[in-house]
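# Analysis of the macromolecular model
Read off the chains here:
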Amino acid sequence: MNTQSNAMPEVPLEAQVVTNAAVAATRPLYWSIRRELWEDRSIYFAPLAIASLFMVGFLIRTIQQMPKMRAALADPVNQRGAIHMPFHIAAFMLLVTAFFTGAFYCLDALHGERRDRSVLFWKSLPVSDLTTVLAKVSIPLVVLPLITFAIIVATQFVLFLFSTAIALGNGLSAATLWAQLPLWKMWLSLLCALVASALWYAPIYGWLLLVSSYVRRATFLWAVLPLFAICVVEKIALNTLSFANLLKFRLIGWYTQTFVQLVPGGVPPADPLTQITPWKFLSTPELWIGLAVTAVLLAIAIRIRRYREPI
Amino acid sequence: MTVIEAHGLRKTFGKTIALDGVDLRVEEGRILGLIGLNGAGKTTALNAILGLTQFQGELKVLGRNPWTERKQLMRDVCFIADVAVLPRWIRVSQALEYVAGVHPRFDRAKAEGFLARTTIRRDSKVRELSKGMVAQLHLALVMAIDARLLVLDEPTLGLDILYRKQFYDSLLNDYYDLNRTIIVTTHQVEDVQHILTDLMFINRGRIVLSCSMEQYESRYQEVMVRPGQIGAARALKPMNERQAIGRSTFLFDGADRRQLAVLGDARTPSIADLFIAVVGNHSGEREGVTR
């Protein structure tokens, strides 16, 4: 009895120490990410703005082209394509927005703090360069995909309500429409797209962060011109385009490797999940090479941040 | 306990020697003033102490190597490296939240208490505050951290006299105690003369003078010499002689006080005058110029 009562408090105490250590390790990361969101509000404003613009465009188009749409909806062959179209366009536009937001965010992330000298304030706190750079890279790799997912889901849900209203107004039954719109599966497929694109674009974000940590000015030119120069030199010297093709694959590869492509003008399948090819994506060597390159680029960026002083 | 210990600290930028073999020892509970001209190596020395720059030679801050253990060191060390390094976009409330989030030794209530004495609003952004208010905010953040070493690099540059006085008053009254150590560099030496416990002059990467303020007061005397006594004053080998309003003022190092009293009114010189005497002589020596 006695031994037990003595032993009892030790267990939670030990557990507490472990939890405290874990909290101590993740707290700086958590707060570093929060401060990125305070500083760079385009992370959520940009996708929100694009989503709102899209909705406005969609409404105007719906009102203007009502007869055409009515015809398309009545045609059983094109029906699904017509219903799905705005959903796909919304998702596509927001994915592209997320990429550009992430890219421009990275380009400024380690440059801006040196430009406004605030790096001296950040470095006066017990937050390592590793934590800082990881917090910054997690914006395009984790935070932006999550925000984009939420905004696309919200946009598509509003679209879903509109489509239902339009269908009902045109004598189409809501059940027919809903049968053509497997929202949950579409969202699962969207999640795959977001994960795949984030992993696939990781070396791009890593490169931009590295440039941002290194150069004194003109970050965009430093990020883009060297790549362009390699393409030009290769074309002139060897008359090949392998580097350009590599870049092209880096931009579109996540899509071609994760999804079965529709033939132009084709009709999307009833079940969007049959379109996903996760194994093909995961067995693409370029994915893993890209992630390894990302790790190297980030390690260099962390190292450079240590040495860099305000500009 | 020794807070900072350096032996043969060196740092070069290309051909420029920023620190040329600095030996340094700062004990706990001291307030050290590091005085030097622009480019003398003050900021480089502080950057080395804060782990912001690599160095050659030996340097231990609170027993740690600042370059390799910066993150751990920053739990016990705080610094204000220049005015206006707080990010301009941050809100006062966000700054408090963030520091509370990442610093295990930050006492938010204390910082709020300091801010309550100012006119700074919690929802203001730093860019909306005046320069003096930004300094107040930064000081409030730093003073609420239970650190053992506080480094201030030109913390009051560009502030008006009222803010400067408030800054050092609150530092002394609300922050400083015998367990804390403060290093401050400034060009406004008259602001800090009464708060320092130790003084160090740095010139061209070398420490050219290092003493406690007690030593300072007993060693250095400034005498406004009566017109007939100038020859006698020169015979006592003054460090420096200057003219002011038609009277000659001599600065002596370790001269007999009774002898000085004969020459005229003796008093403790200002740090600025001693600095000019010491550094003026040294730069003369180094350039091979005879004065």
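This one's a predicted model, so the numbers in the text were calculated from it and none came from an experiment.

### Some points on the confidence of the model for chain A
Across chain A, the average pLDDT comes to 87, with 92% of residues at or above 70. Scored below 50 in pLDDT, residues 1-11 of chain A makes zero contacts in the model with residues more than four places away or belonging to other chains.

### Here we look at the sheet that holds strand β11 (residues 240-244) of chain B
Residues and elements named next belong to chain B. Pairing is antiparallel across the open sheet formed by four strands, whose spatial order is β11-β12-β10-β13. At either margin of the open sheet sits one strand with a lone partner, and together these are β11 and β13 (264-267). Averaged over neighbouring strand pairs, the angle between their axes works out to 25° when direction is ignored. Summarising the sheet, strand β10 (residues 220-225) and β13 pair through four bridges and their orientation is antiparallel. Residue pairing across strands places Met 224 opposite Asp 265, the latter belonging to β13.

### Remarks on the environment of Asp 256 of chain B
All names here are of chain B. Among the secondary structure elements, Asp 256 is positioned in the loop between β12 (247-253) and α10 (257-263). Overall, the relative accessible area of 33% leaves Asp 256 in the partly exposed class. Along the backbone, Asp 256 and Arg 180 are 76 residues apart, and their C-alpha atoms lie at a distance of 36 Å. Within polar-contact distance, the side chain of Asp 256 engages the backbone nitrogen of Arg 258 at 2.9 Å.

### Digging into the sheet that holds strand β1 (residues 2-13) of chain B
Strand pairing in a sheet relies on backbone hydrogen bonds. The paired strands run either parallel or antiparallel. All names here are of chain B. Strand order across the open sheet formed by three strands is β2-β1-β4, with antiparallel pairing between neighbours. Across the chains shown, the open sheet's two edge strands, defined by having one partner strand only, are β2 (16-27) and β4 (56-61). Averaged over all pairs of adjacent strands, the angle between their axes in this sheet comes to 15°, without regard to strand direction. Sheet analysis places β1 next to β2, joined by nine bridges and oriented antiparallel.

### With respect to the nonpolar core
With 99 residues, the main nonpolar core has Ile 4 and Phe 201 of chain B as its most contacted residues. If you tally residues by element for this core, the top one is helix α5 (residues 131-143) of chain B, at eight residues. Core analysis: the next-biggest nonpolar cluster, separate from the first, contains 63 residues, Val 133, Leu 208, Phe 281 and Leu 298 of chain A among them.

### Re helix α5 (residues 79-115) of chain A
All names here are of chain A. Compared with the 54 Å implied by 1.5 Å per residue over 37 residues, the 54 Å span of α5 between its first and last C-alpha is a close match. A maximum bend of about 40° is found in α5 at Ala 109. Just downstream of α5, Arg 117 is the residue with a positive phi angle, here 65°.

### Section: the packing of α5 of chain A against helix α7 (residues 129-169) of chain A
Residues and elements named next belong to chain A. Close contact between α5 and α7 brings their axes to 9 Å; oriented N to C, the two are set at 155°. In terms of axis orientation, α5 runs roughly antiparallel to α7. Viewed along their axes, α5 and α7 form a crossing whose handedness is right-handed. Classifying every residue of the contact of α5 with α7 gives 19 nonpolar, six polar and two charged.

### A word on the packing of helix α9 (residues 183-214) of chain A against helix α10 (residues 219-238) of chain A
Residues and elements named next belong to chain A. Two numbers describe how α9 lies on α10: the axes approach to 9 Å, and their chain directions differ by 125°. As far as their axial angle goes, α10 and α9 are oblique. In this structure, α9 meets α10 at a crossing whose hand is right-handed. Packed against α9, whose contacting residues are Trp 207, Leu 208, Val 211 and Ser 212, the element α10 presents Thr 219, Trp 222, Ala 223 and Leu 227 at the interface. Of the residues contributing to the contact of α9 with α10, the split by class is six nonpolar, two polar and no charged.

The rules behind the values
- Residues numbered from 1 in each chain as written.
- Chains lettered and ligands numbered in written order.
- Predicted model: local features only at pLDDT ≥ 70, side-chain atom pairs only at ≥ 80, totals over all residues.
- Heavy atoms only, no water.
- pLDDT = per-residue confidence, 0-100.
- Contact = heavy atoms within 4.5 Å.
- Pairing = 2+ DSSP bridges.
- Helix = DSSP H or I, 4+ residues; strand = E, 2+ residues; numbered from the N terminus.
- Axes fitted to C-alpha atoms, helices over the stretch in contact; angles between N-to-C directions.
- Buried < 20%, exposed > 50% of the residue type's maximum accessible area, 1.4 Å probe, protein only.
- Polar contact = N/O pair within 3.5 Å; in protein donor to acceptor, adjacent residues only side chain to side chain.
- Core = buried A, V, L, I, M, F, W, Y, C linked by side-chain atoms within 4.5 Å.
- Expected span 1.5 Å × (residues − 1).
- Bend = angle between axes of the 7 residues up to and from the residue.
- Parallel < 35°, antiparallel > 145°, perpendicular 65-115°, else oblique.
- Left-handed = near helix turned anticlockwise from the far one by under 90°.
- Nonpolar A, V, L, I, M, F, W, Y, C, P; charged D, E, K, R; others polar.

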